[in-house]
Amino acid sequence: NFVGLSAQHSIYTPLSSKLVWANAFRGDYIEPFGDTDVVPLSARIFLGGRNSLRGFSRHVVGPRGELLHIVGGDRAVNLSSEMQYDLAGNLVGVVFLDLGQAFLANKGSFPGSGLGIQDIRFSPGIGLRCRPPIGPLSMEYGFALDREF
């Protein structure tokens with residue numbers, strides 16, 4: 001038994017006819033109740049990858065167990081801020097900074113660290129996007145400045 005809430009908000013601010021400052025915030029919260037003490041591993045939150053921290057591999061950011069395996073969290077914050085510049089035609093250049101972390105508040109008997117706000121991970125990067133009529137295409141590269149391993 002558990003309940004979850006996810007909230008996301010994006011703001012796009014035009015700075016000129018070719019430059020846009022885009023910001024996105026996402027927060028996730030999962031709380032066990034009743035006989036459940038911890039959120040099951042399959043329902044936990046993992047960050048990293050194209051949709052959260054672009055400089056990290058998919059699902060590698062979050063609390064770690066004794067053997068350093070990622071065990072996921074029951075809370076998470078993720079912020080993405082980027083400058084988008086129209087280069088030519090349908091091409092857009094992007095410079096971004098992603099930050100975020102997953103936290104484990106309901107640890108139960110879990111011996112590892114649940115992590116705290118001081119454990120926020122950062123990932124700057126660059127990208128190129130194309131907006132053809134058939135749908136957007138993008139190529140982005142993020143740099144994990146604070147790799148753990």
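Up top you'll find the structure we're talking about.
Conventions we followed
- Residues numbered from 1 in each chain as written.
- Predicted model: local features only at pLDDT ≥ 70, side-chain atom pairs only at ≥ 80, totals over all residues.
- Heavy atoms only, no water.
- Salt bridge = Lys/Arg side-chain N within 4 Å of Asp/Glu carboxyl O.
- Helix = DSSP H or I, 4+ residues; strand = E, 2+ residues; numbered from the N terminus.
- Buried < 20%, exposed > 50% of the residue type's maximum accessible area, 1.4 Å probe, protein only.
- Core = buried A, V, L, I, M, F, W, Y, C linked by side-chain atoms within 4.5 Å.
- Contact = heavy atoms within 4.5 Å.
- Phe/Tyr/Trp six-rings, centres within 6.5 Å; stacked < 30°, edge-to-face > 60°.
- Lys NZ or Arg CZ within 6 Å of the ring centre and 35° of its normal.
- Pairing = 2+ DSSP bridges.
- Axes fitted to C-alpha atoms, helices over the stretch in contact; angles between N-to-C directions.
- Patch = residues over 30% accessible without salt bridge, like charges linked within 9 Å, V, L, I, M, F, W, Y side chains within 5 Å.
- Areas by Shrake-Rupley, 256 points an atom, 1.4 Å probe, with all protein chains shown as cover.

Here the focus is the pattern of salt bridges. Evaluation of the coordinates by the stated rule reveals ten salt bridges. One salt bridge in this structure joins Glu31 and Arg75, with 2.7 Å as the shortest N-O distance. In this pair, Glu31 sits in strand S2 (residues 19-32) while Arg75 sits in strand S3 (residues 75-88), placing the two residues 44 residues apart along the sequence. Given a relative accessible area of 17%, Arg75 falls into the buried group. Taking the shortest distance from any N to any O, the salt bridge between Arg54 and Glu82 comes out at 3.2 Å. You can see Arg54 sitting in the loop between S2 and S3 and its partner Glu82 sitting in strand S3, a full 28 residues away along the chain. A residue is classified by how much of its surface remains accessible, and Arg54, at 16% relative accessible area, is buried.

Core analysis: the largest hydrophobic core is formed by ten residues, namely Ile30, Val39, Ile45, Leu47, Leu53, Phe56, Val61, Ala76, Ala102 and Ala144. Leaving out residues up to four positions away in the same chain, Val39 has contacts with Ile30, Pro32, Arg44 and Asp74.

Inspection of the entire model under this criterion finds one aromatic pair. With a centroid separation of 4.9 Å and an interplanar angle of 75 degrees, the aromatic rings of Tyr141 and Phe143 are classed as edge-to-face. Overall, the relative accessible area of 38% leaves Phe143 in the partly exposed class. The aromatic ring of Phe96 is capped on one face by Arg54, whose charged end is 3.7 Å from the ring centroid.

Sheet architecture is open: six strands sit in the order S1-S2-S3-S4-S5-S6, paired in antiparallel fashion. The sheet terminates laterally at strand S1 (2-14) and strand S6 (137-142), the two strands that pair on one side only. The average angle at which neighbouring strand axes cross in this sheet is 20 degrees, direction not considered. When S2 meets S3, the two strands line up antiparallel, connected through eleven bridges. Directly across from Leu19, in S3, lies its bridge partner Tyr85.

Okay, the pairing of S2 next. In terms of strand pairing, S1 meets S2 through 13 bridges, oriented antiparallel. Bridged to Tyr12 within S2 is Ala22. Hairpin connection, S1 to S2: the antiparallel pair is bridged by four residues.

Relative to strand S4 (residues 91-103), S3 runs antiparallel, the two being bridged by 13 bridges. Its bridge partner lying in S4, Ser80 is registered against Asp98. As consecutive antiparallel partners, S3 and S4 are separated by two residues, and within that stretch Gly89 has a phi angle of approximately 55 degrees, a positive value.

It is worth spelling out a nonpolar patch on the surface at this point. A grouping of Leu15, Trp21, Met83, Val95, Ile126, Tyr141, Phe143 and Leu145 is seen on the molecular surface, where their side chains present a nonpolar patch of about 820 Å² in accessible area. Mapped onto the elements of the fold, Leu15 is located in the loop between S1 and S2.

Along the chain, Ala102 falls in strand S4. Measuring from C-alpha to C-alpha, the distance between Ala102 and Gly89 comes to 39 Å, with 13 residues separating the pair along the chain. Ignoring sequence-local partners within four residues, the contact set of Ala102 consists of Ile45, Leu47, Val61, Gly62, Pro63, Gly73, Arg75, Ala76 and Leu115.

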